[in-house]
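Chain by chain, the residues run as shown.
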Amino acid sequence: MPQESPLRLEIDSHVIRQLGDELITDTGQALLELVKNSYDADAEYCQVEVETEHIESVHLPTLEGAETPPDDRHLRLKGKITVKDNGTGMSYEVIKRGWLTISLSPKRAFKLAGKVTARFGRTPLGDKGLGRIGTLKLGSYIVIETFENNADHGWRVSFSWNDCGQGNLLSSVPVSATSIPPRGIAGTTLYIYGLSDLSYWKDSRSITSLSRQLSTLISPFKSFNDFDISFVFDSVRIPLETAENYLSAAQARFSVTWLPSEDAERHSLEIEGFIKLLLFRKTRNDPGFRQYVEPDRGESLLSFFRTHRQTSSLALERGPGEWFIRFTRTLSGADLSTFVSDNRLENPGPFMGEVFDIDISEAKRFSKPQFVDSHTGVFIYRDNFRIRMGDDWLGLGERQTRGESFYGLRPGNTLGWMSIAAKENRSLVEKSDREGFVENSAKRGFEFLAKRFVQEVNDTISTCRRAYNDFIKGRKHAENARPTSYGQSDALSELQETADSAKEIAALLSDNTTFATDVIEVCGRLEASFTAGDSEETRRIVSDAKQIASVLASRAKGVPLLLKKVASIPHAVSTIVEEYSTDDRQMRELYSTAAVGLAAEGLVHEVNPVVEAMLYALSTLAKAAHVLGYKNVKFLSDIRSAEASGQEIVDRIRFLDPMLRNRRGHREQFEVASLITTLKKQKKAVWENDGTIFEVMETDLFQIRASRGRMLQVFDNLARNSHYWLQRAAGLNPGLRKTVTFEVKNPFILVWDNGTGIDERVASRIFDVFVSGKPEGEGHGLGLYISRELLALEKSTIELLPDRNQHGRQFKFEINLGGALK
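Rules used throughout
Residues numbered from 1 in each chain as written. Predicted model: local features only at pLDDT ≥ 70, side-chain atom pairs only at ≥ 80, totals over all residues. Heavy atoms only, no water. Salt bridge = Lys/Arg side-chain N within 4 Å of Asp/Glu carboxyl O. Buried < 20%, exposed > 50% of the residue type's maximum accessible area, 1.4 Å probe, protein only. Helix = DSSP H or I, 4+ residues; strand = E, 2+ residues; numbered from the N terminus. Arc of directions from axis to C-beta. Pairing = 2+ DSSP bridges. Axes fitted to C-alpha atoms, helices over the stretch in contact; angles between N-to-C directions. Parallel < 35°, antiparallel > 145°, perpendicular 65-115°, else oblique. Left-handed = near helix turned anticlockwise from the far one by under 90°. Contact = heavy atoms within 4.5 Å.

Draft legend 1. Summary view of the pattern of salt bridges. Inspection of every chain in the model, using the stated rule, returns 34 salt bridges. With a closest N to O distance of 3.1 Å, Arg-444 and Glu-439 form a salt bridge. With a relative accessible area of 30%, Arg-444 lands in the partly exposed category. One salt bridge connects Lys-683 with Asp-716, and the closest N-O pair in it is separated by 2.7 Å. Note that Lys-683 is positioned in helix 21 (residues 672-687) and Asp-716 in helix 22 (residues 708-732), a separation of 33 residues in sequence.

And the structure:
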């Protein structure tokens with residue numbers, strides 16, 4: 001048997017072309033990777049020059065085994081890109097193991113060792129070893145001239161990407177390397193000949209697009225302190241636009257700083273916001289804004305904010321200069337319990353950022369329209385180089401469709417940046433194609449914190465905008481001598497009273513017509529009775545009276561039409577009232593239906609452990625049947641276990657029965673404590689698995705006449721809210737004895753838990769629609785609002801008591817069932 005050569009792995013050189021197409025998104029990204037290489041080389045500058053008309057005669061490196069270069073190795077290539085820096089340069093070994101060994105990067109070990117560059121103390125940005133493949137998108141023939149210092153010789157290395165064809169091993173691609181004399185300066189110059197797409201480079205639109213693209217790939221918000229970048233295209237310098245002018249059109253500015261700590265309790269997310277008065281203007285010709293806000297430059301509005309129930313807790317203060325208001329908020333401890341307790345989330349390292357709410361029409365007055373069009377969204381920069389995250393990675397567009405963020409940040413009007421560093425944020429690992437981060441716990445933690453920042457900003461904007469609406473409404477009520485509580489139902493009642501007076505109005509209009517005719521007749525008689533001795537003054541007065549009466553009589557010709565319209569008012573008003581009553585009933589139905597949905601959602605989560613228990617029992621049963629040979633005692637025991645689990649599922653489904661449509665509106669007399677005990681029984685099996693205790697204190701028993709389903713929905717929602725926050729609190733304090741307490745105290749039900757309490761920012765508006773202290777995506781902001789509405793249907797109320805817990809927060813709810821007593 002002949003001796004076979006040893007097997008080894010090889011790679012077809014064509015794979016490199018595939019990698020270049022897939023890993024490098026576009027021309028702008030390819031250029032950026034080359035600029036990053038200069039930054040990593042500790043250079044002071046990087047100069048990029050494109051020459052579309054340049055012609056270069058080249059001799060491609062000789063193919064292996066060829067004695068003389070064949071004719072097709074002599075080429076005239078059109079177009080040239082030069083990338084020059086004064087960095088550390090490369091030795092022969094670095095060229096061999098760095099540039100020419102795909103995906104092998106010395107920077108990776110350098111970063112892992114925590115090292116920084118000698119001159120500027122930089123942590124290298126590139127560690128994929130793939131950036132050089134970006135030159136594939138730019139041209140075909142590559143020449144590198146590099147010097148490690150200004151005194152020694154350097155190296156000139158060249159190769160052609162066109163030699164990476166299908167069927168050729170990568171190791172067989174010819175590379176030329178020659179020593180070159182010193183030039184008195186260290187650094188690297190990269191030449192790319194034979195531009196891949198000359199039609200692209202010759203199109204002025206492409207250059208404009210590239211300029212805008214580079215203006216986002218390299219931060220327009222913050223400049224480098226020690227690294228200068230220049231782009232020259234056919235001898236014309238391409239300026240990199242900054243956002244300074246654009247940001248002058250901002251209506252609001254919000255900053256965030258994440259300061260992690262060794263002690264999770266001391267993590268802090270610091271938020272600061274500045275809002276201009278114009279943010280509250282609904283349109284450019286908003287009459288309420290012009291009449292009630294502009295005259296005193298918002299002083300009355302700010303005073304209103306400081307006392308309004310929704311905005312008083314925001315601690316708003318007058319902003320400096322052009323800024324109307326300023327606010328600050330620091331999230332730490334209990335505020336970040338979800339972040340700390342979720343094992344899927346990891347501290348990504350410190351970061352900071354700014355987000356601006358832009359008036360687009362105003363921005364186009366200060367910046368070029370192209371800049372405005374390309375600069376929307378929140379960009380992420382690592383040491384001033386952009387990491388592409390895709391469109392709207394913060395989900396601003398999704399929030400627009402939700403009621404709680406109607407007034408919040410929108411993708412088309414938002415510009416901002418998040419700044420991370422190679423040194424401090426190593427766990428945020430970029431994908432090989434530079435399009436976002438690798439999915440890991442640090443990436444999820446970063447996105448969680450960034451979205452929490454946006455949630456806080458949106459909550460503040462929305463709260464202030466809704467309070468502004470109340471301010472305008474209150475001013476209009478005062479102007480029209482209406483009480484501050486004047487609402488839709490009051491307006492309808494007033495309109496109904498006016499409509500009821502329609503017949504009287506019609507009669508008055510008809511009488512006025514008759515009176516005008518009578519006056520004309522009287523004036524005529526007076527004129528007929530005048531004698532020569534009557535004064536001219538008297539004659540003039542009578543003439544004027546007759547003339548006025550004639551005008552009135554003339555106008556009275558339209559009275560029949562007016563009478564017809566007035567006569568139709570009662571019907572129109574009654575129609576509106578009926579529609580309002582129908583809508584009111586439908587809203588009540590909506591509350592009940594939504595409450596069923598919330599309860600069902602909770603049930604789905606609670607049933608899971610029960611189903612698992614049943615599956616476990618069935619698994620045990622199957623094993624017993626196999627191992628024990630169907631011995632009756634064990635067989636029947638396991639059968640009973642499976643049946644018990646199945647019955648538990650049935651019982652939990654029955655738990656929803658009182659909430660079903662055909663029963664939830666039915667009122668009956670029952671003891672409140674008994675209903676709460678039923679709820680306790682349903683929660684007990686699930687809560688015992690995580691150690692949560694449901695306590696019922698029967699201080700003073702009483703009965704009510706109400707819908708059992710509605711009351712159960714209210715109690716269930718409060719219990720589930722407490723359970724959620726106790727789980728978060730336990731993440732910060734694993735030894736916490738988690739307890740939910742319901743106290744029955746005629747005619748009240750008091751509900752509280754020993755968690756962290758209600759966040760101050762939402763305490764004053766906890767019962768408003770779409771208000772939730774839960775993180776984005778985990779709370780509907782409907783539960784307590786619907787509970788309040790359901791209780792109102794039973795002539796009952798719910799409020800958050802002023803009592804404070806050990807964390808200094810409000811924590812106890814009081815349900816007053818006085819209106820439902822039998």
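Draft legend 2. Representation of helix 3 (residues 92-99). What helix 3 keeps buried is the set Ile-95, Gly-98 and Trp-99. Down the axis of helix 3, the smallest arc covering the buried residues is 90°, so these residues share one side.

Draft legend 3. How the structure looks around the pairing of strand 20 (residues 739-745). A large share of strand 20 lies buried, amounting to six of its seven residues. The pairing of strand 18 (residues 693-700) with strand 20 spans seven bridges and is classified as parallel. Looking at the pairing, Ile-693 lines up with Thr-739 of strand 20. Across six bridges, strand 20 lies against strand 21 (residues 748-753) in antiparallel orientation. Within strand 21, the residue paired with Val-740 across the bridge is Asp-753.

Draft legend 4. Structural detail: the environment of Asp-263. Note that Asp-263 resides in the loop between strand 9 (250-259) and strand 10 (268-275). Linking Asp-263 and Gly-333, residues 70 residues apart in sequence, is a C-alpha distance of 9.9 Å.

Draft legend 5. Up close: the packing of helix 9 (residues 299-307) against helix 14 (residues 441-479). Contact pair helix 9 / helix 14: the axes reach a minimum separation of 10 Å and the direction vectors enclose 115°. Judged on the interaxial angle alone, helix 14 and helix 9 are roughly perpendicular. Here helix 9 runs over helix 14; the crossing is right-handed. Between helix 9, through Ser-300, Leu-301, Phe-304 and Phe-305, and helix 14, the contact on the second element is made entirely by Cys-464, Ala-467, Tyr-468, Asp-470, Phe-471 and Arg-475.

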